[in-house]
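Residue-level structural notes
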Amino acid sequence: PSYICACNGMVYAVTESSGLDHGTLRAFQVDGSNLIPKGSVKSAMGPATAYVAVSDDGKFIALANYNGAESENAAENSQSIAIYALNADKTIGDLVSMSMHRLPGSKVVTSRQGEPHPHMARFLTIDGGYAILVPDLGKDKIFTYILSADSSGKHASALKGVVDVKEGAGPRHLEVVDAANPFVYVVNELSSTVDVHKFNVDKKYIGPRVQSVTTLPPGFEAEGKTSTCAAIKAHPTGQCIYVTNRVVNDEGVIAVFERDDKTGLLRARSYHRTGGECPRDIALIGNKMVVCNQDSDSLVSFHILEDGELKPTGKR
């Protein structure tokens, strides 16, 4: 699997494919320490599926297909966002919507941005339906789709808004804090920055960037090192934002940002080594953080203190 999502006693997993073949979406029921397959295997509707997420009410599931067509003539293989309904028994139902991200990419970083690369699909519950927020690394844009039902109850998605990020930044993942007054925090993989945006509740789309901060420790670039960002997570109370830096050929670094509750703006607080290389993702579980160091094949844990600060547990 390339990504999993666990919720409501289920695990939903997506797999990547080779070439232009479509990946898959599968559902599993959690039974103690076992996963029991449930329902039928569905097409991810695109290759190199990078992300899967479930809506807060457990009624829909969204997938982001990172790779796809090399020409406009192969539209059926384009990079895309696919949305499926979830059945009452939590198995995967019918395909509800497909949204294509068409060529070209921004081409600023030619090795990474020649074509679109939607990297994530994040649900945000709003009046009348759902906003689906999609950072596209290849196009240097963040897309907002609205999923809503017509008078017959049939759901469909429509593009509501697009906001640009700095050229060559490469938006990868995002987090939303405060659903009633949402701020959106976007981690840019290629520029090692976090951008702060306000979600316009009335107009139902992401507004322009209001702040951009580096994720790298002071003096990092002077040491001649290079890095790319991967994961971004918010403390359950919203008081801190956590970002992983994948330092090339070295131990990774987690940046901890303190968040102003009123303005949503960030201030760098601390930096922590991850105990391994290429921290691709992090999970917040109660008062613990678990870091997945991809290139070191290791999981390293931290205590999350009351103020959101991190302290190593010494366990891996």
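Look up: the structure comes first, before these words.
What follows concerns the sheet that holds strand 1 (residues 3-7). Taking strand neighbours across the sheet as the criterion, the four strands line up as 1-2-3-4 in an open arrangement whose pairing is antiparallel. The strands lining the two open edges of the sheet, one partner per strand, are strand 1 and strand 4 (34-43). Each strand of the sheet is rotated relative to its neighbour by a mean of 20 degrees, with strand direction disregarded.

Our focus in this paragraph is the nonpolar core. When a protein is soluble and globular, its nonpolar side chains tend to lie buried together. Judged by nonpolar contacts, the single largest core of 49 residues is most densely connected at Y12 and V52. If one sorts the elements of this core by residue count, strand 7 (residues 79-86) sits on top with six residues. In this structure, F183, C229, I232 and A234 belong to the second largest nonpolar core, which totals 15 residues.

Moving on to the sheet that holds strand 21 (residues 279-285). Overall, antiparallel pairing links the four strands, which are arranged 21-22-23-24 in an open sheet. Looking along the sheet, the strands with just one partner apiece sit at the ends: strand 21 and strand 24 (310-312). Each strand of the sheet is rotated relative to its neighbour by a mean of 30 degrees, with strand direction disregarded. Looking at chain direction, strand 23 (residues 298-304) and strand 24 are connected through three bridges and run antiparallel. Bridging across to strand 24, F302 finds its partner in P312.

Attention shifts here to the pairing of strand 2 (residues 10-15). For strand 2, the tally of buried residues reaches five of six residues, placing the bulk of the element in the interior. Taking the residues that link successive antiparallel strands as the turn, the strand 1-strand 2 hairpin has two residues, and the phi of N8 there is positive, at about 55 degrees. As defined by bridge partners, strand 2 adjoins strand 3 (residues 24-31) across six bridges and the pair is classed as antiparallel. Note that in strand 3 the partner of V14 across the bridge is L25.

Definitions and limits used
- Residues numbered from 1 in each chain as written.
- Predicted model: local features only at pLDDT ≥ 70, side-chain atom pairs only at ≥ 80, totals over all residues.
- Heavy atoms only, no water.
- Pairing = 2+ DSSP bridges.
- Helix = DSSP H or I, 4+ residues; strand = E, 2+ residues; numbered from the N terminus.
- Axes fitted to C-alpha atoms, helices over the stretch in contact; angles between N-to-C directions.
- Core = buried A, V, L, I, M, F, W, Y, C linked by side-chain atoms within 4.5 Å.
- Buried < 20%, exposed > 50% of the residue type's maximum accessible area, 1.4 Å probe, protein only.

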